[in-house]
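Descriptive structure summary
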Amino acid sequence: MANFAESSKTYVVEHLDPELEQWSALEYAAIAKESYEANAQFLLSSVPESLATNIPGVVKQSKGIKIEQRSVEEIFASQKESVCLLDPAASKELSPEDGDKFTVFLFGGILGDDPPRDRTSELRKKGYEGRRLGPVQMTTDTAVRVTRIVVQDRTPLEKIEYVDHPELKVNKHESTEMPFRYVKGKDGEPVMPEGMIDLIKNDSERGFGELL
Ligand code: SAM
């Protein structure tokens, strides 16, 4: 049974892209599912009206997701000090104790890019206290997963097992390197949203400049 501290966490992804790509849809569906199972809330904020009416079924039908047109600033205007921004440029690493200090964990809803363009700076400008999840760029769903493991399961960042820059076989002859850090699953493979490997295989022709 989850205790109060565990059940009171909210993961907020502020959607910063003009579109909602299939890649993001699969990531958001995975975050919703895992948050629901961990008794946490998942809020997808700043979703423009035009997108909100067209949100892919895999996201809309996910249990435990709340889709908001308002921005994180509006929603948590009166409790800014309880919001922690997960920020690759922060000087302090996230620790299990941050689970006592913060109730809201904020992430940039942006596709990863290589090299990173620091679009998280759009959220940093708003003045939230920041924490880093180590030096390697993660996909958004991985960043939420790792945060949950640290603040809810109370596992320190450095005790989590990761897979960095995995090679994925896209067909018989070719493989491609994903330029991100993932959590290592029980089977030793990187944990990825359901359907992601097939999407990567289908999209492998397009190049991987800006995909996840
Ligand atoms: N290249 C991106 C940028 O422009 O900032 C990083 C985007 S990453 C795919 C999406 C979100 O995951 C970030 O906005 C941040 O909230 C979180 N994130 C990813 N890696 C992280 C890390 N190493 N430390 C802290 N947060 C991270």
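Residues numbered from 1 in each chain as written. Predicted model: local features only at pLDDT ≥ 70, side-chain atom pairs only at ≥ 80, totals over all residues. Heavy atoms only, no water.

The chain is annotated in an unreviewed UniProt entry as DUF431-domain-containing protein of Pseudovirgaria hyperparasitica.

**Here's the deal with the side chain of Asp87**
The test is simple: Strands are runs of DSSP state E lasting at least 2 residues, helices are runs of H or I lasting at least 4, and numbering of each runs from the N terminus. Each residue is assigned to one of three classes by its accessible area relative to the maximum for its type, calculated with a 1.4 Å probe on protein chains only: buried under 20%, partly exposed between the two thresholds, exposed over 50%. Should any heavy atoms of two residues lie within 4.5 Å, those residues are counted as being in contact.
As for its position among the elements, Asp87 is in the loop between strand 4 (83-86) and helix 6 (98-101). Judged by its relative accessible area of 4%, Asp87 is buried. Other than its neighbours up to four places away in sequence, Asp87 contacts Thr120, Arg124, Arg131 and Arg132.

**Things to note about the site of the ligand**
Quick note on the threshold: Proximity criterion: a residue is near a molecule or strand once any of its heavy atoms comes within 4 Å of it. As used in this structure description, the phrase polar contact means that two N or O atoms lie within 3.5 Å; if the pair is within protein, one of them must be able to donate a hydrogen and the other to accept it, and residues adjacent in sequence are counted only when both atoms belong to side chains. Three classes are used, and their members are as follows: Ala, Val, Leu, Ile, Met, Phe, Trp, Tyr, Cys and Pro are nonpolar, Asp, Glu, Lys and Arg are charged, and the others, Gly among them, are polar.
In the vicinity of the ligand lie 22 residues, with Leu86, Asp113, Arg119, Thr120 and Gln137 positioned nearest. Asp118 has a polar backbone atom sitting 2.9 Å from an oxygen atom of the ligand. With respect to the ligand, the backbone of Val136 contributes an N or O atom lying 3.0 Å from a nitrogen atom. Mapped onto the shell around the ligand, the elements with two or more residues apiece are strand 5 (104-109) and helix 8 (140-151). Residues of the shell around the ligand, tallied by class, amount to nine nonpolar, six polar and seven charged.

**Overview of unusual backbone geometry**
Phi at Ser46 takes a positive value of approximately 60°, unusual for a residue other than glycine. Tracing the backbone through its elements, the reader meets Ser46 in the loop between strand 2 (41-45) and helix 3 (49-52). Located in the positive-phi region is Arg154, a residue other than glycine, with phi close to 60°. Inspection of the secondary structure assignment puts Arg154 in the loop between helix 8 and strand 7 (162-164).

**Quick look at the side chain of Ser46**
Here Glu14 takes part through its side chain, which lies 2.8 Å from a polar atom of the side chain of Ser46. Among all residues touching Ser46, those that are not within four sequence positions of it are Glu14, His15, Glu68, Gln69, Arg70 and Ser71.

**Topic: the confidence of the model for the chain**
Just so we agree on the cut-off: Looking at any residue, its pLDDT shows the predictor's confidence there, from 0 to 100.
Summarising the model, the chain shows a mean pLDDT of 91, and 93% of its residues fall at 70 or more. Every residue in residues 1-6 scores below 50 in pLDDT, and together they form four contacts with partners more than four places removed in sequence or on other chains. Per the prediction output, this complex has pTM 0.93; the corresponding ipTM is 0.98.

**A few points about the pairing of strand 5**
Where we set the bar: At least two DSSP bridges between two strands are needed for those strands to be called paired.
Most of strand 5 sits inside the fold, with six of its six residues counted as buried. A two-sided burial pattern is seen for strand 5, the buried positions comprising Val104, Leu106 and Gly108 on one face and Phe105, Phe107 and Gly109 on the other. As paired strands, strand 1 (residues 10-15) and strand 5 are joined by six bridges and run parallel to one another. Paired with Thr10 across the two strands is Val104, which belongs to strand 5. Bridging between strand 4 and strand 5 involves three bridges; their strand directions are parallel. Directly across from Leu85, in strand 5, lies its bridge partner Leu106.

**Focus: the packing of helix 2 (residues 22-37) against helix 8**
In a packed pair of helices, the relevant descriptors are the angle between the two axes and the axis-to-axis distance. Convention followed: Axes here mean lines fitted to C-alpha atoms, for a helix over just the part in contact, with angles spanning 0 to 180 degrees between N-to-C directions. For classification, angles of less than 35 degrees are called roughly parallel, those exceeding 145 degrees roughly antiparallel, those between 65 and 115 degrees roughly perpendicular, and all remaining angles oblique. Note on convention: near helix rotated counterclockwise from far helix by under a right angle means a left-handed crossing. Clockwise means right-handed.
Interaxial distance between helix 2 and helix 8 falls to 8 Å at its minimum, and their mutual angle equals 15°. What the angle tells us is that helix 2 and helix 8 run roughly parallel. With respect to the hand of their crossing, helix 2 and helix 8 are arranged in right-handed fashion. Contacts from Glu27, Ala30, Ile31, Glu34 and Ser35 of helix 2 reach helix 8 at Thr140, Asp141, Val144, Arg145 and Arg148. Looking at the contact of helix 2 with helix 8 residue by residue, the class counts come to three nonpolar, two polar and five charged.

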